[in-house]
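Report on the structure
Listed here are the chains, written in short residue letters.
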Amino acid sequence: KKINLTVFVFFLITTANVITRGQRADDFNPNVTEQNSAARVSVIQTQPDGKILIGGNFTSVGGQTRSRLARVNADGTLDTTFADINLSNFVRSIAIQPDGKIIVGTLGTSTPAQTLNQIFRFNADGTLDTSFNPNVNRGVYTIALQADGKIIIGGFFTTVGGQARSNLARINADGTLDVSFTLTSDSAIVTDARQPDGKLLIGGVFSNIGGVARNRLARLNADGTLDMSFNSPAVYGSGIGVLDITTQPDGKILIGGYPSSDGSIKPLSRLNADGTPDTAFIQNVLSFNENFPTIPAVAVQSNGKILLGGQFQSPQPSLIRLNADGTTDIAFNPRPNSQNNPFSSVDVIVVQPNQKILVGGFFTSIGGASRNAFARLFSDSRSVPATGFDFDGDNKADISAFRPSNGGWYIYQSATLFQSGGGLRSVAFGIASDRLAPADYDGDFITDIAVFREGSLAYFYILQSRTNTFRAEAFGTTGDVPVPGDYDGDNKADVAVYRPGATAGAQSYFYYRPTATGVDFRQLAWGVAGDKPVVGDFDGDGKQDAAVFRPSNGTWYVLRSSDNQLQAVNFGISTDKLVAADYDGDNKTDFAVYRGGIWYLQRSQLGFTSVQFGVETDVPTPADYDGDGRTDIAVFRNGTWYLNRSSAGSIGGLYSVAGDKPIPNAFVQ
């Protein structure tokens, strides 16, 4: 039955309607928030009963007051049996004793009792154990339990129990200082990792331990003495400091931290068990494009793959996975994002026994779902789809235009657009007669600059973002329409064209070259002369579908890649502009048209709606500008952009000039 598009139906779309994309984040949602600033979870500890302790900077969990420390149940709901002790300073470290008591370190003096400085012990129910008072004068970053009940602490302090101790100390089970332990550090100790043999790795920004040169990384014997046999060269540590250490089942040691300013020391290294560098791994370690990325979180899965969290934007934002040899696993890309902030950060990663992944940090969405500061991810589900027209990898489409007069691409990168100095990037690429064909051809979840140039032998010209290299691929001919997309489901866009039938009613074809199988091309007979090709994944299986709109009867015809079946939907009239996209965030392209300033959307989850936004002569530019997983309504008008963002509200601005071609309009027919 044909839908009467003259009937205006309006729906109020709220954040409650956000639907998980990609199914990488599960339904675990503790909803961690902070009253005066953005929430941050920087430490996670799992208990034997499946409950989870979290610490960081927050004031509520699950809508209930919890200051800097909380416990959640295995399903993510708040454990209300664990008391709120109302800590006033950032929690940086947590350790669980065999008797169930919990030791917590903070970055500064914290209530509930000023005399209990920096380090506290709580009973299993969250009440304060007032008998335990080591009285540390500054921040405690690490807590390591020994088999004999003694506790090694590291941080940035100068006294413990009123006695001089520089950044490293050991306390007895009752909280008193162990005066027999005299090792100190010349600067902060930030992280530690216990090895199976009882030895303790420590990392930070120090250059000596107990007066013995140790650059950023050292190892203590089980009795707390310095292991003189372990001394990794500085070049294989991290530049300014080590932020995290984890060990692999084979005994190798992974180190995350800061790079050196000259780039000679990477933010990630792997050592052999004796501290010598694993040179094979280092040769394969990914290169970050930022000047100063950090990796404060490293974890290893049971299959040997390595999870890295931190503050970086490429090759993927904030959370990536490496294969066992150090190469990037591009199939894993949950894409953390922080709403209204150019950067997100993952500070801590814990792999649970069932291989689900607990993630804490500074973000408001991850795995395509709204999650504040703390989330759980599936380890083996497919990735969140790449955001179209996202040229900087922050999961947000960028305001961008092509200027035919000089062949220039002008991209306002959303990661820095509203920062001082702006975020304009300009690249000369193409000529006036080229057709725009931007897509993620190299699978790094960043849109590549690309054009299609017609000729008896047509070419796709691509500037690959992963390597910043030029690629020319002969494919198609004069009269073809570029329709690039991921037809084979390998997370890389395939070069593809739609070839209209030569005469009225003649068969049309989609041609694409799959990167996954290595064949020269595949052909799909779909559509007839006069149809308009549409780019989209209408069945949500991660593969682009062959799809056309037939103006003669206002019908969309989709060949679904998931089951090879026809889907026909009558929606629109011959003069409509086709603006198909995912407007409700369910990973499926929705049928949508633009007519005279009105957007008509038939959303796969939320149903029909219409929205007045724009005028008849505007150029529609639908894309996900705010990074919430839903396509935003937007138009381009003589150099001025108007965005109606689904989560961040409406904005407008003069970011281009009249005569420019808005790039997010590239596939609008």
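All figures in this text were calculated on a predicted structure; none of them were measured in a lab.

With that settled, consider the overall build of the protein chain. When its secondary structure is counted, the protein chain shows one helix and 54 strands. Taking all 669 residues of the protein chain together, 57% fall into the buried category. A separation of at least 24 residues holds for 43% of the contacts in the protein chain among residues at least 6 apart in sequence. Entry remark: accessible area of the protein chain is about 25,000 Å², with carbon and sulfur atoms responsible for 50%.

Its place among the elements puts Asp442 in the loop between strand 34 (435–436) and strand 35 (449–453). Between the alpha carbons of Asp442 and Asn491 there is a distance of 8.4 Å; along the sequence they are 49 residues apart. Not counting residues up to four positions away in its chain, the partners in contact with Asp442 are Asp448, Gln464, Ser465, Arg466 and Lys492. Within the structure, the side chain of Asp442 is placed 3.2 Å from the backbone nitrogen of Ser465, a separation counted as a polar contact.

Turning our eyes to something else, we now look at the sheet that holds strand 23 (residues 294–300). Whether parallel or antiparallel, the strands of a sheet pair through hydrogen bonds between backbone atoms. In space, the three strands of this open sheet follow the order 23-24-25, with antiparallel pairing throughout. A strand with exactly one partner marks an edge of an open sheet, and here the two such strands are strand 23 and strand 25 (319–322). Mean inter-strand twist for the sheet, computed between neighbouring axes without regard to direction, equals 25°.

Pairing in this open sheet of three strands is antiparallel, and the strands run 26-27-30 from one edge to the other. Either end of the sheet is taken by a strand with one partner, and the two such strands are strand 26 (345–351) and strand 30 (374–377). Direction aside, neighbouring strands of the sheet carry axes that sit 25° apart on average. Judged from the six bridges that link them, strand 26 and strand 27 (residues 357–362) form a sheet pairing that is antiparallel. The partner of Val348 across the bridge, within strand 27, is Gly360.

The next thing to look at is the packing of aromatic side chains. Following the criterion strictly, the structure yields 19 aromatic pairs and no others. Their ring planes at 15° and their centres at 4.6 Å tell us that Tyr487 and Tyr512 sit as a pair that is stacked. One end of the pair, Tyr487, is in the loop between strand 38 (481–482) and strand 39 (496–499); the other, Tyr512, is in strand 40 (residues 507–512), with 25 residues separating them in the sequence. Taken as a pair, Tyr487 and Tyr512 share a single burial class, namely buried. Here a set of aromatic residues connected by ring pairs shows up, and it is made of Phe429, Tyr459, Tyr461 and Phe470. Positioned above the aromatic ring of Tyr410 is the side chain of Arg403, whose terminal nitrogen or guanidinium carbon lies 4.1 Å from the ring centre.

It is worth spelling out the nonpolar core at this point. Judged by nonpolar contacts, the single largest core of 24 residues is most densely connected at Trp409, Phe429, Ile449 and Tyr625. Elements with a minimum of two residues in this core: strand 31 (399–403), strand 32 (408–412), strand 35, strand 36 (459–464), strand 51 (633–637) and strand 52 (640–645). With 17 residues, the next largest nonpolar core counts Ile54, Phe58, Val61 and Phe374 among its residues.

Per-residue confidence for the protein chain averages 87 on the pLDDT scale, and 89% of its residues sit at or above 70. In the predicted structure, residues 1–23 sits below a pLDDT of 50 and forms 60 contacts with residues beyond four places in sequence or in another chain. Across residues 283–287, confidence stays below pLDDT 50; counting only partners more than four residues off in sequence or on other chains, it has twelve contacts.

What follows covers the layout of surface pockets. Considered as a void within the structure, the largest pocket measures approximately 1,500 Å³ in volume. In this structure, the largest pocket is lined by 47 residues; those nearest its centre are Gln45, Thr191, Asp192, Asp244 and Val348. Of all elements in the fold, only strand 2 (40–46), strand 7 (91–96), strand 10 (140–145), strand 15 (189–194), strand 20 (242–247), strand 23 and strand 26 reach the threshold of two or more residues within the lining of the largest pocket. Per-class residue counts for the lining of the largest pocket are 27 nonpolar, 14 polar and six charged. Of the voids in this model, the second largest pocket is the one considered here, and its volume is about 1,200 Å³. Considering the residues around the second largest pocket, the lining is formed by 48 residues, among which Pro385, Ala386, Thr387, Gly388 and Gln544 are closest to the centre.

Side chains on a regular strand alternate between the two faces of the sheet. Every second residue of strand 25 is oriented toward a common face, with Leu319 and Arg321 on one face and Ile320 and Leu322 on the other, all of them buried. Inspection of the sheet shows strand 24 (residues 306–311) paired to strand 25 by four bridges, in the antiparallel sense. Across the sheet, Leu308 pairs through a bridge with Ile320, a residue of strand 25.

All right, on to the pattern of salt bridges then. This structure, assessed with the given rule, holds 26 salt bridges. Between Lys101 and Asp129 there is a salt bridge whose closest N-O contact spans 3.3 Å. Here the residue Lys101 occupies a position in the loop between strand 7 and strand 8 (102–106), and Asp129 occupies one in the loop between strand 9 (119–122) and strand 10, the gap between them amounting to 28 residues. Judged by relative accessible area, Lys101 falls into the partly exposed class, the value being 23%. Classification of Asp129 by relative accessible area gives buried; the value is 8%.

We now examine the side chain of Asp488. Within the secondary structure, Asp488 sits in the loop between strand 38 and strand 39. Buried Asp488, no salt bridge; nearest opposite-charge side chain is Arg522, N-O distance 7.3 Å. Polar side-chain contacts of Asp488 include one of 3.0 Å to the backbone nitrogen of Thr515.

Time to look at the side chain of Ser345. Mapped onto the elements of the fold, Ser345 is located in strand 26. One polar contact links Ser345 to Arg40, side chain to side chain, over a distance of 3.3 Å. Residues in contact with Ser345, not counting those within four places in the same chain, are Arg40, Gly310, Gln311, Ser318, Gly361, Phe362 and Phe363.

The rules behind each value
Residues numbered from 1 in each chain as written. Predicted model: local features only at pLDDT ≥ 70, side-chain atom pairs only at ≥ 80, totals over all residues. Heavy atoms only, no water. Helix = DSSP H or I, 4+ residues; strand = E, 2+ residues; numbered from the N terminus. Buried < 20%, exposed > 50% of the residue type's maximum accessible area, 1.4 Å probe, protein only. Contact = heavy atoms within 4.5 Å. Areas by Shrake-Rupley, 256 points an atom, 1.4 Å probe, with all protein chains shown as cover. Polar contact = N/O pair within 3.5 Å; in protein donor to acceptor, adjacent residues only side chain to side chain. Pairing = 2+ DSSP bridges. Axes fitted to C-alpha atoms, helices over the stretch in contact; angles between N-to-C directions. Phe/Tyr/Trp six-rings, centres within 6.5 Å; stacked < 30°, edge-to-face > 60°. Lys NZ or Arg CZ within 6 Å of the ring centre and 35° of its normal. Core = buried A, V, L, I, M, F, W, Y, C linked by side-chain atoms within 4.5 Å. pLDDT = per-residue confidence, 0-100. 1 Å grid on protein atoms, 1.4 Å probe; cavity = no way out; pocket = protein on both sides within 12 Å on 5 of 7 lines; lining within 4 Å. Points joined across faces, edges and corners; volume = space filled by probe spheres on them. Nonpolar A, V, L, I, M, F, W, Y, C, P; charged D, E, K, R; others polar. Salt bridge = Lys/Arg side-chain N within 4 Å of Asp/Glu carboxyl O. Lys, Arg positive; Asp, Glu negative; His and termini not counted.

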